[in-house]
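# Geometric and topological summary
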Amino acid sequence: MPPKKTAKRQLDIKPEESAKTAKSPKKAKVSHSSHGQEKGLVLVLGQGDVGQLGLGEDVMERKKPALVPLPEGVVQVAAGGMHTVCVSDTGSVYTFGCNDEGALGRETSEEGSETVPGKVVLEDRVVQVSAGDSHTAALTEDGVVYLWGSFRDNSGVIGLLESMKRCALPVKVPIKEPVVKIVSGNDHLVMLTLGGDLFTSGCGEQGQLGRVPEFFANRGGRKGLSRLLEPQLVKVRSRVKVHFTDAFCGAYFTFAVSKEGHVYGFGLSNYHQLGTKSVDTCFAPEKLTCFKNSTTSWVGLSGGQHHTLCLDSNGQAYSLGRAEYGRLGLGAGAEEKSEPTPVPGVGPAQGVACGASVSYAVTKQGSVYSWGMGTNLQLGTGEEDDEWSPVEMSGKQLEKRAVLAVSSGGQHTVLLVRDEQES
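From a predicted model like this one, the values you see are computed outputs, not experimental measurements. (Residues numbered from 1 in each chain as written. Predicted model: local features only at pLDDT ≥ 70, side-chain atom pairs only at ≥ 80, totals over all residues. Heavy atoms only, no water.)

Attention shifts here to the overall build of the protein chain. Within the protein chain, the regular secondary structure consists of three helices and 30 strands. Of all 423 residues assigned to the protein chain, the portion counted as buried reaches 57%. For the protein chain, the exposed surface amounts to about 19700 Å²; the carbon and sulfur share of it is 48%. Treating the 44 positive side-chain charges of the protein chain as one cloud and the 48 negative ones as another, the clouds have centres 12 Å apart. (Helix = DSSP H or I, 4+ residues; strand = E, 2+ residues; numbered from the N terminus. Buried < 20%, exposed > 50% of the residue type's maximum accessible area, 1.4 Å probe, protein only. Areas by Shrake-Rupley, 256 points an atom, 1.4 Å probe, with all protein chains shown as cover. Lys, Arg positive; Asp, Glu negative; His and termini not counted. Charge placed at Lys NZ, Arg CZ, Asp CG, Glu CD.)

Here it is in structure tokens:
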């Protein structure tokens, strides 16, 4: 009996035609505990001479938190060196501030347009952003990373994805694995993948990439800048593969938390900001024994220029590193610390954040405490005095509002707040 014609037709179907008719599997959306969920309003304070406050050309500073007019509710804020990035609840990205190296990711030829929020054109929904001195990164719900601006080293611009080439508009980062979290130092980017790997790119002079030996740290050595700028895997010396679940950055250093709760670090530790016993630069990941704690886990770390804040699962904030200007929050006369030291005077916290020489803790009750250098008016006290112990931030725009998160840049600080529910 000859075969049925219908069967023959099925055999003759071209592969590309069957692909069109077959239902393509839905891409899973990436998720991570660091992705912003709660919608709020954006407040800014500090110095804003290049528009990083987002309040227009005429506003150069704010001693107390001021409201930034944005067209949508915001779920995450990130303060770069001299610019600010916001993610809306619809997944849109808004930027304002210095655009000299393309860190805003949008066209700002119209005079003053960089000093007010403007939308970055991205086709995909964004779930997280990070910001450095002159670069910005955005993570989409599909685990794709976009990058714009430029990385720099001590000699100047080094480029973004290609040697000496800045990108004024978003470009896709060439990484095959889905990314679940991004975080930026001053001039480096860290990407945590769905599989628990770390990829880094950017400047490697201080060891912050964790994968470039000291011999090649200065502009990549013989292999050139591509060694630094092309995202590559950070390898850990270990008998068994280390799977990471979180990552955090300081200005020139990086932390990563493993599945087992161990904290690894690499980069600059000249003031013990990594928690290492020596002040030598770490060019490869090192398991940090000072973070070993059998009773709690580490849920948050944030680094400034030379100091670190960390948060345990009980809500206790700790500090380590350089003590000048009061940035450790340990009281007048406090000295450099080489291991996490409890910060007194702050209630149970839900988040910590560092600027260059300032520190913040957001309590579970929705208050924000600040301490450190007062010169840039980032502390919200209204004065330029340094604060050696935590002080609760106040201001008209904080009345009847709860603080959700804080991010701090070189000279300005950004708060995400929500209106308190009327009882």
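Next comes the rest of the write-up.
The tally for this structure, following the rule as stated, stands at six aromatic pairs. For the pair Phe-215 and Phe-216, a centre-to-centre distance of 5.2 Å together with 85° between the ring planes defines the contact as edge-to-face. With a relative accessible area of 66%, Phe-215 lands in the exposed category. The class of Phe-216 is buried, set by a relative accessible area of 15%. Summarising the aromatic geometry, the rings of Phe-255 and Phe-291 are spaced 5.9 Å apart at their centres and angled 70° between planes, so their arrangement reads as edge-to-face. Linking Phe-255 in strand 18 (residues 253-258) with Phe-291 in the loop between strand 20 (282-287) and strand 21 (298-303), this pair joins segments that are 36 residues apart in sequence. In this structure an aromatic cluster arises from ring pairing among Phe-253, Phe-255, Phe-291, Trp-298 and Tyr-318. The cationic tip of Lys-181 hangs over the ring face of Phe-248; the distance from NZ or CZ to the ring centre is 4.1 Å. (Phe/Tyr/Trp six-rings, centres within 6.5 Å; stacked < 30°, edge-to-face > 60°. Lys NZ or Arg CZ within 6 Å of the ring centre and 35° of its normal.)

Its place among the elements puts Gln-421 in the segment after strand 30 (412-419). Placed 78 residues apart in sequence, Gln-421 and Val-343 show a C-alpha to C-alpha distance of 30 Å.

A word on the pairing of strand 29 (residues 401-408). When you tally the buried positions in strand 29, you get seven out of eight residues, the bulk of the element. Bridge count between strand 29 and strand 30: seven bridges; the pairing is antiparallel. When the bridges of strand 30 are listed, Val-406 appears paired with Leu-415. Where strand 29 hands over to strand 30, the hairpin turn is made up of three residues, counted between the paired strands. (Pairing = 2+ DSSP bridges.)

Our focus in this paragraph is the pattern of salt bridges. Enumeration according to the criterion identifies 12 salt bridges in this entry. The salt bridge partner of Lys-29 is Asp-142, with a shortest N-O separation of 3.2 Å. Taken as a pair, Lys-29 in the loop between helix 2 (15-21) and strand 1 (41-47) and Asp-142 in the loop between strand 8 (135-140) and strand 9 (145-149) lie far apart in primary sequence, 113 residues in all. For Asp-142, a relative accessible area of 22% translates into the label partly exposed. Its salt-bridge partner being Asp-419, residue Arg-401 comes within 2.9 Å of it at the nearest N-O pair. Here the residue Arg-401 occupies a position in strand 29, and Asp-419 occupies one in strand 30, the gap between them amounting to 18 residues. Accessibility expressed as a relative area gives 44% for Asp-419, which makes it partly exposed. When salt bridges that share partners are traced, they join Lys-29, Glu-141 and Asp-142 into one network. (Salt bridge = Lys/Arg side-chain N within 4 Å of Asp/Glu carboxyl O.)

One finds Leu-198, Phe-244, Phe-255, Val-263, Phe-291, Leu-301 and Cys-310 to be the most contacted residues of the largest nonpolar core, which totals 29 residues. When near neighbours in sequence (up to four residues on either side) are disregarded, Cys-310 contacts Phe-291, Trp-298, Gly-300, Leu-301, Gln-316, Ala-317, Tyr-318, Leu-320, Pro-340 and Val-352. (Core = buried A, V, L, I, M, F, W, Y, C linked by side-chain atoms within 4.5 Å. Contact = heavy atoms within 4.5 Å.)

Another aspect to go through is the side chain of Glu-72. Along the chain, Glu-72 turns up in the loop between strand 2 (61-67) and strand 3 (74-79). Within the buried set, Glu-72 has no salt-bridge partner at all; the shortest N-O distance to an opposite charge, 4.7 Å, is to Lys-119. Of note is the side chain of Glu-72, whose polar atom sits 2.6 Å from the side chain of Tyr-94. The residues contacting Glu-72, other than those within four sequence positions of it, are Ser-88, Asp-89, Thr-90, Ser-92 and Tyr-94. (Polar contact = N/O pair within 3.5 Å; in protein donor to acceptor, adjacent residues only side chain to side chain.)

Once that is clear, we can look at empty space enclosed by the protein. Tallying each qualifying case throughout the model produces one cavity of 30 Å³ or more. Considering only enclosed or pocket space, the largest cavity measures out at about 30 Å³ in volume. The wall of the largest cavity is formed by Asp-153, Ile-158, Cys-203, Gly-204, Glu-205, Ala-217, Asn-218, Arg-219 and Leu-228. The residue inventory of the lining of the largest cavity, partitioned by class, reads four nonpolar, two polar and three charged. (1 Å grid on protein atoms, 1.4 Å probe; cavity = no way out; pocket = protein on both sides within 12 Å on 5 of 7 lines; lining within 4 Å. Points joined across faces, edges and corners; volume = space filled by probe spheres on them. Nonpolar A, V, L, I, M, F, W, Y, C, P; charged D, E, K, R; others polar.)

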